[in-house]
Structure formats: structure tokens, C-alpha cells
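Analysis of the macromolecular model
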Amino acid sequence: MARLLHIFAHPGRATSRVNLSMWRAAQGIDGIDSLDLYSTYPRYAIDIEKEQQRLVDHDVLVLQFPLFWYSAPALVKEWIDLTFEHGFAYGQGGDRLRGKQMMLAVTAGGPQDAYSHQGYQHFELRTFLTPFEQTARLSQMTFLAPYVQFGALKEDPAPHARGFADLLRALRDDRLDLSRAQQAQFLTHDTLPLTEGAPT
Ligand SMILES: Cc1cc2nc3c(=O)[nH]c(=O)nc-3n(C[C@H](O)[C@H](O)[C@H](O)COP(=O)(O)O)c2cc1C
């Protein structure tokens, strides 16, 4: 079983529909460590050593957040800035994350067709996520395709939340087809590349 760290970051948890449903769906799953980043660090006073140890102790990092201005909410950036330190995540002696996996679980208000050259967001969603992808690469982590809900203000959150729980279980049990999960542009609840094996 993989040791899975699930980090949830939403500054407006009380008004969240989709991310809160995902968070709740994740709570019932055994063998997964979940952290609500904004509740843990409401004043952004991140405990760097604790967070680095958390990363060392896990094989898979799932970062879950709503897309805010084409990126993550600010505390996610702060958490990465402080924990992915030189000598820890990259640079001389910085190999503590080598071989681990990173996956984003992102919700976007814009519809899928907006995220194209012809659409009003003008770029593919993956283009906006390249800083995370390259952060993983520099840290010698494998970056998996993000799990995405487009049209997050309108769509029914339930299938996406159920799919998120399926995804977390599959990551925990090594049942996600990693080559397909690396090659895909993004994953959705009905395109999860699961390998054969007994679901739990
Ligand atoms: C400050 C802010 C910035 C946002 N920026 C984007 C954006 O860049 N692209 C997008 O598709 N949606 C954007 N949205 C919409 C959110 O992504 C959407 O409200 C969220 O994914 C819905 O999830 P929730 O129900 O968990 O809050 C933004 C919302 C806020 C409040």
C-alpha cells in the first residue's frame, strides 16, 4: 500500500460546494492522511520541519484546491515555497522527494471548452498548472495528470466527489495505471485509469 498524503486547501471552506464534498468523501477512507491546510495554518505560520517530515513519510502527495486566478490559493504557494526547500527538495543534497508522486485535484469555474486556444480562457488548463509540474520534476517526483472538475459552479458535485474517493483508494492500493495517469491531459471521475484488481 502506498502512503498517501491528501492536502486540502480552500480559503472559503464554508461556501465551498465541490471541494468540501471531496474533502468529506475522503474522510471515510482508511490509510490516508488528510490535512486541511487553511484550518491548520490560518495565519500562514507554516511549521516547515513538520511539513517536510510529513512529505518524507508519504509516497504520494495529492494537493486539492479550487483554481484561483489560474493558480492555487495563496496558502498552497506558501506551503510549497517553504517546504520544498533547497537541500531538501532540490539542489545539493536535495533528494528527499525523489521517486514520490504528485497529483493535483483541481476545480475550475470555467467550462472545459473555455480552456483551449479558441476558448475564453485562451490556454489549456495544463498550461496554467506547469509551475506545479516543473516543481515536481525538479524535486524528482512523478507528476500525474490532474483530477479535474470543470464548470464547478454548475455541475453536480456528487459524482466528482465519489470519483475522488475512488481515485484516493486506487492511489493507496497501487491500482492507478500510472503510465496512463502520466500521459493523460487530465482525469475526470469517468476517465480514471484503474488497473485490474479488487476494488476496496
Ligand atoms: C478569487 C477567485 C478566483 C477564481 N479564479 C478562477 C480561475 O482562474 N479559473 C476558473 O475557472 N475559476 C476560477 N474561480 C472559480 C473557482 O475555481 C470555483 O468557484 C471553485 O472551483 C468552485 O469550487 P468550490 O465549490 O469548492 O468552491 C475563481 C474563484 C475565486 C473566488
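See the structure shown above.
A brief look at the structure comes next. Being a predicted model, the structure only gives us computed values, none of them experimental. (Residues numbered from 1 in each chain as written. Predicted model: local features only at pLDDT ≥ 70, side-chain atom pairs only at ≥ 80, totals over all residues. Heavy atoms only, no water.)

**Brief notes about the nonpolar core**
- With 38 residues, the main nonpolar core has Leu-61, Leu-63, Phe-65, Trp-79, Phe-84, Leu-104 and Phe-132 as its most contacted residues.
- If you list the elements that add at least two residues to this core, you get strand S1 (4–8), helix H2 (37–40), helix H3 (48–56), strand S3 (60–66), helix H4 (74–83), strand S4 (101–107), helix H5 (125–128) and helix H6 (130–138).
- Ranked by the residues each element gives to this core, the list is headed by H4, at four residues.
- Leu-4, Ile-32, Met-103 and Phe-164 belong to the second-largest nonpolar core, a separate cluster that totals 25 residues. (Core = buried A, V, L, I, M, F, W, Y, C linked by side-chain atoms within 4.5 Å. Buried < 20%, exposed > 50% of the residue type's maximum accessible area, 1.4 Å probe, protein only. Helix = DSSP H or I, 4+ residues; strand = E, 2+ residues; numbered from the N terminus.)

**Description of the packing of helix H1 (residues 18–27) against helix H7 (residues 157–172)**
- Remark: H1 packs on H7, axes separated minimally by 8 Å, with the N-to-C direction vectors making an angle of 40 degrees. It follows from the interaxial angle that H1 and H7 lie oblique. Viewed along their axes, H1 and H7 form a crossing whose handedness is right-handed. Contacts between H1 and H7 pair Val-18, Ser-21, Met-22, Ala-25 and Ala-26 from the former with Pro-157, His-160, Ala-161, Phe-164, Ala-165 and Leu-168 from the latter.
- For the contact of H1 with H7, a count of residues per class yields nine nonpolar, two polar and no charged. (Axes fitted to C-alpha atoms, helices over the stretch in contact; angles between N-to-C directions. Parallel < 35°, antiparallel > 145°, perpendicular 65-115°, else oblique. Left-handed = near helix turned anticlockwise from the far one by under 90°. Contact = heavy atoms within 4.5 Å. Nonpolar A, V, L, I, M, F, W, Y, C, P; charged D, E, K, R; others polar.)

**Thoughts on the site of the ligand**
- In the vicinity of the ligand, 18 residues are found, and the nearest of them are Ser-16, Arg-17, Asn-19, Thr-107 and Tyr-115.
- Within the side chain of His-10, an N or O atom sits 2.8 Å from an oxygen atom of the ligand.
- Asn-19 places a polar side-chain atom, nitrogen or oxygen, 2.7 Å from an oxygen atom of the ligand.
- For the ligand, the accessible surface in isolation is 640 Å², of which the surrounding protein chains cover 76%.
- Its atoms largely coinciding with the cavity grid, the ligand occupies the largest pocket.
- A breakdown of the residues in the shell around the ligand according to their chemical character gives 10 nonpolar, seven polar and one charged. (Near = heavy atom within 4 Å. Polar contact = N/O pair within 3.5 Å; in protein donor to acceptor, adjacent residues only side chain to side chain. Areas by Shrake-Rupley, 256 points an atom, 1.4 Å probe, with all protein chains shown as cover. 1 Å grid on protein atoms, 1.4 Å probe; cavity = no way out; pocket = protein on both sides within 12 Å on 5 of 7 lines; lining within 4 Å. Sits in = over half its atoms within 2 Å of the grid points.)

**Topic: the environment of Thr-127**
- For Thr-127, the location among the structural elements is in helix H5.
- On the accessibility criterion, Thr-127 (37% relative accessible area) is partly exposed.
- Sequence separation between Thr-127 and Tyr-70 is 57 residues, and the spatial gap between their C-alpha atoms is 9.4 Å.

By themselves, these figures tell us nothing about what the structure is for.
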